[in-house]
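Structural overview for review
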Amino acid sequence: MAAWVKGDAADTDAAVAAAAALLSAARTPVFAGLCADVAAVRAAYRLADRIGASLDPAAGPGLYAELGSLSSGGALTTTAPETLGRADTVLVVGSRPWDGDLVSEIADSKPVRGLSAGEERVVLSLGGPRNGTSRHVAYGIGNAGLDVAIGHLRAFVRGHLAGEEAYGDLATRLAAAKFGVVIYDAGEIGEAGTEMLQGLLKDLNEKTRFFALGLADPFQGRAVMQLASWTTGQAPRVGFGRHLPEHDPWRFDSARLVAEGEADAALWLASLPAPRPDWLTQLPSIAIVGEDSPEARPDTAEIVITVGVPGSSAGGAVWNDRRGVIGYVPATSGTVAATAAGVIAEISKKIAEKGASC
Amino acid sequence: MSTLKLRSEPPERIDLLNINPLALSKMSEADAARIPVGTSRRGLTLGDVFSIALDGSDSLVIEGGSGRLDRVGASLSQGTVRVEGDVGQRLGAGMAGGSLIVTGSAGPFAASGATGGTITIEGDAGDHAGGAVYAAKAGLDGATLIIHGTAGDGLGDRMRRGIILVDKAGARAGSRMIAGTIVAGSLGAEPGYGMRRGTIVAGSHGALLPTFVETGTPDLVFLRLLARSLAGLRTKHADLLKGCMRRYSGDLATLGKGEFFTPAG
């Protein structure tokens, strides 16, 4: 396990002590990233509670696009296994769903349960990359944004617009489904697009059965969401400055806090791969990063501590996208490295020994 | 007239939720100075941030603003609050009555959930002025919001009642609007995204959504009544309605009972 303090190699104890000193002296520290196993994120929430820090996961934009829509109007959702088993019509919105192997798996199989069992599956795309890798019927959106295109399609589904346009044809296909699913990424279509999409599904459910399959973000956002909920009763962007978890997505946006000079220290937690924020070197900061990751270097932050990577050099509970649950992944390497949770617990212990205001 | 004079730029965000003329009228200056307003573990109080002079009146002046002063005039029910400078987020949030004036600019979510009274911002307003905060059912909900300068994106997002007058606003004004009225000198692109009902009037505008359809240039009594009611608030906005107005109906992706008016000329 390597560590650096102000660019110089240090032992872990010295780095932990420096991190504790930095955080205990801060007025409004912020913890960002939170792309780690559940134990590490839980340790981060506990430390934030102790020192009055705020938290903001790297998954924030996509997570809040989904949550904003969910909080305002609910959601009609399904799972990947249900989609594979029952869907006779699948609409893929945007480009990101095509990145993984889910769409090709859907396109290459047939429904095996329900009203459509044994029938051919129809795969449609709206605003997709048109790369032709899987069998599907593509509907372009021109220069329109995805959220505008979803609204345009919804107007046809509702019967408020009519005509020979492609959207009319697509609306007819969707209404003819026996069990339909829309696959999308909330971070790509935004909160407005997600809310419009859920409205589209409500309209389609007046005639048939149609559900959403939102893709999880790649930065453990859904695990963080669950942990934040059972720990604070709130969504992840909370601050503990006033001795209770206050939820405010605007106030506790880490990039805003740094840009407006409100944060005076930062802890970036990324034992799993996550994009390093460009503001990390603009203020006194601590980076807890996966060993052998591109960020495991002395200039990543003022204090850098490397830890085991869940599922590789350490075990840990992480989000399982396919099953839609938090699951444990064991270490695959022979030597099990120190964990992020352990390092954060040590920092918290040092701060308690110092008697920092809390 | 009671006065709070800002000592210096606050080192952290300050929450003024409970600081209004009615609450302060029952307090001594010493008691008021002990009200916690800080948002960090340092426990800043009103007396740490402001020098305080109270006279028990229903008028409060905050001298020296800052973009870090949040929830100024929030939940105000009567009296007047005047801020000589800028304010932060959620100006007048949940306000039920009275008058709130800011001579500078306001942060995001001004007048969110305000059900009554008048909020005047003489400078600019941030994004989502008159808009809903996270998980809120409605943005502006009956109050009157007047912005002399420029508002950001999402003006009146999910507003349910009330009037917003603004010289200029960014993209997606009136998005997800439930009802109410927005009158603007100019608006950015895609006004009224997802609006269900309500009225938007704009002297000029950016690209319209494909889910808004033109319904002609009807001579509506409603527009004359609206102009008359606006004349007492801001003449320049009332004048917008004097000529022939082109009407669009939308957002057809939703209920489609909203309307968007712009000069026909």
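Residues numbered from 1 in each chain as written. Chains lettered and ligands numbered in written order. Predicted model: local features only at pLDDT ≥ 70, side-chain atom pairs only at ≥ 80, totals over all residues. Heavy atoms only, no water.

Under an unreviewed UniProt entry, the name given to chain B is Formyltransferase/hydrolase complex Fhc subunit C, and the organism recorded is Methylobacterium thuringiense.

As recorded by an unreviewed UniProt entry, chain A carries the name Formyltransferase/hydrolase complex Fhc subunit B and is attributed to Methylobacterium thuringiense.

Assigned secondary structure in chain A consists of 11 helices and 16 strands. In terms of C-alpha radius of gyration, chain A reaches 23 Å, essentially the compact-globule figure of 21 Å for 358 residues. Summarising its shape, the C-alpha atoms of chain A cover approximately 70 × 45 × 35 Å along the three principal directions. Taking all 358 residues of chain A together, 55% fall into the buried category. Accessible surface, chain A: about 14,000 Å² in total, of which carbon and sulfur atoms supply 50%. (Helix = DSSP H or I, 4+ residues; strand = E, 2+ residues; numbered from the N terminus. Rg over C-alpha atoms; globule rule 2.2 N^0.38 Å. Buried < 20%, exposed > 50% of the residue type's maximum accessible area, 1.4 Å probe, protein only. Areas by Shrake-Rupley, 256 points an atom, 1.4 Å probe, with all protein chains shown as cover.)

A count of helices and strands for chain B gives five helices and 15 strands. Each principal axis of the C-alpha atoms in chain B carries an extent, and together these give about 65 × 35 × 25 Å. Across the 265 residues in chain B, those meeting the buried criterion constitute 57%. As displayed, chain B offers around 9,400 Å² of accessible surface, 50% of which is attributable to carbon and sulfur atoms. Computed over 28 positive and 25 negative side-chain charges, the inter-centroid distance for chain B is 6 Å. (Lys, Arg positive; Asp, Glu negative; His and termini not counted. Charge placed at Lys NZ, Arg CZ, Asp CG, Glu CD.)

Attention now moves to the interface of chain B and chain A. Size of an interface: often given as the accessible area lost when the parts come together. Between chain B and chain A, the residue contacts involve 35 residues of the former and 44 residues of the latter. Taken over both partners, the interface formed by chain B and chain A buries close to 3,100 Å², and the fraction arising from carbon and sulfur atoms is 51%. Of all residues in chain B, Arg41(B), Tyr134(B) and Tyr193(B) give up the largest surface area on contact with chain A, accounting jointly for 27% of the area buried on that side. Run the count over chain B and chain A and you get 10 salt bridges. (Contact = heavy atoms within 4.5 Å. Buried area = accessible area lost by both parts, 1.4 Å probe. Salt bridge = Lys/Arg side-chain N within 4 Å of Asp/Glu carboxyl O.)

Below, the discussion takes up the confidence of the model for chain B. Across chain B, pLDDT averages 95, with 100% of residues at or above 70. In the model output, the complex is listed with pTM 0.93 alongside ipTM 0.93. (pLDDT = per-residue confidence, 0-100.)

The next thing to look at is the pattern of salt bridges. If the charged atoms of two oppositely charged side chains come close together, the side chains can form a pair. Residue and element names in this part refer to chain A. If you walk through the whole model with that rule in mind, you get 42 salt bridges over all chains. Close ionic contact of Glu-246 with Arg-251 constitutes a salt bridge, the shortest N to O distance being 2.9 Å. Note on Glu-246: relative accessible area 14%, which makes it buried. According to the relative accessible area criterion, Arg-251 is buried, its value standing at 7%.

With that out of the way, let us pick up the sheet that holds strand β5 (residues 89-93) of chain A. Residue and element names in this part refer to chain A. The five strands are arranged β7-β6-β5-β8-β9 in an open sheet whose pairing can be described as parallel. Because the sheet does not close on itself, it has two edges, and the strands there are β7 (137-139) and β9 (210-214). Adjacent strand axes in the sheet meet at a mean angle of 20 degrees, parallel and antiparallel pairs treated alike. For β5 and strand β6 (residues 122-126), the ladder comprises five bridges, and the chain directions are parallel. Directly across from Leu-91, in β6, lies its bridge partner Leu-124. Where helix α6 (residues 146-158) meets the sheet, its contacts fall on β5 and β6, and the angle it forms with β6 comes to roughly 125 degrees. (Pairing = 2+ DSSP bridges. Axes fitted to C-alpha atoms, helices over the stretch in contact; angles between N-to-C directions.)

This brings us to helix α7 (residues 166-175) of chain A. Residue and element names in this part refer to chain A. Those residues of α7 that sit buried are Tyr-167, Gly-168, Leu-170, Ala-171 and Leu-174. Here the buried residues of α7 occupy an arc of 165 degrees about the axis, which is enough to place them on one side. Buried residues along α7 sit against β5, β6, β7, α6, α8 (186-204) and β9. (Arc of directions from axis to C-beta.)

If you trace the backbone, Thr211(B) turns up in the loop between β12 (199-205) and β13 (213-214). What makes Thr211(B) buried here is its relative accessible area of 3%. The residues touching Thr211(B), leaving out its near neighbours within four places in the chain, are Gly151(A), His152(A), Ala155(A), Leu161(A), Ser249(B), Gly250(B), Asp251(B), Leu252(B) and Ala253(B).

What follows is about the packing of helix α1 (residues 12-24) of chain A against helix α11 (residues 340-354) of chain A. All names here are of chain A. Relative orientation of the contacting elements α1 and α11 amounts to 60 degrees, with a least axis distance of 9 Å. The pairing of α1 with α11 is recorded here as oblique in orientation. As for how α1 packs across α11, the hand of that crossing is right-handed. Side by side, α1 and α11 meet where Val-16, Ala-17, Ala-19, Ala-20, Ala-21, Leu-23 and Ser-24 of the first sit next to Val-343, Glu-346, Ile-347, Lys-350, Ile-351 and Lys-354 of the second. Classifying every residue of the contact of α1 with α11 by side-chain character gives nine nonpolar, one polar and three charged. (Parallel < 35°, antiparallel > 145°, perpendicular 65-115°, else oblique. Left-handed = near helix turned anticlockwise from the far one by under 90°. Nonpolar A, V, L, I, M, F, W, Y, C, P; charged D, E, K, R; others polar.)

Next up on the list: the environment of Val166(B). Residues and elements named next belong to chain B. Here Val-166 is to be found in strand β10 (residues 161-169). A relative accessible area of 0% places Val-166 in the buried class. Sequence spacing of Val-166 and Arg-234 is 68 residues, and the spatial spacing of their C-alpha atoms is 9.7 Å. Setting aside chain neighbours within four positions, we find Val-166 in contact with Ile-147, Gly-149, Ala-151, Leu-155, Val-183, Ala-184, Gly-185 and His-237.

Moving on to the packing of aromatic side chains. Aromatic ring pairs are defined here through the distance separating the ring centres and the angle between the ring planes. Scanning the model with the defined rule gives four aromatic pairs over all chains in all. Against the face of Trp250(A) rests Arg256(A), its NZ or CZ located 4.1 Å from the ring centre. The aromatic ring of Tyr193(B) is capped on one face by Arg172(B), whose charged end is 4.1 Å from the ring centroid. (Phe/Tyr/Trp six-rings, centres within 6.5 Å; stacked < 30°, edge-to-face > 60°. Lys NZ or Arg CZ within 6 Å of the ring centre and 35° of its normal.)

Relative to the helices and strands, Thr3(B) is located in strand β1 (residues 2-6). Thr3(B) gets classed as buried once you look at its relative accessible area, which sits at 15%.

Bringing the packing of α6(A) against α8(A) into the picture now. Residue and element names in this part refer to chain A. Contact geometry for α6 and α8: axes closest at 8 Å, N-to-C directions at 15 degrees. In terms of orientation, α6 and α8 fall into the roughly parallel class. Considering only the axes of α6 and α8, their crossing is left-handed. Contacts between α6 and α8 pair Leu-146, Asp-147, Ile-150, Gly-151, Leu-153, Arg-154, Val-157 and Arg-158 from the former with Glu-188, Ile-189, Ala-192, Gly-193, Met-196, Leu-197, Gly-199, Leu-200, Asp-203 and Leu-204 from the latter. Broken down by class, the residue content of the contact of α6 with α8 amounts to 10 nonpolar, three polar and five charged.

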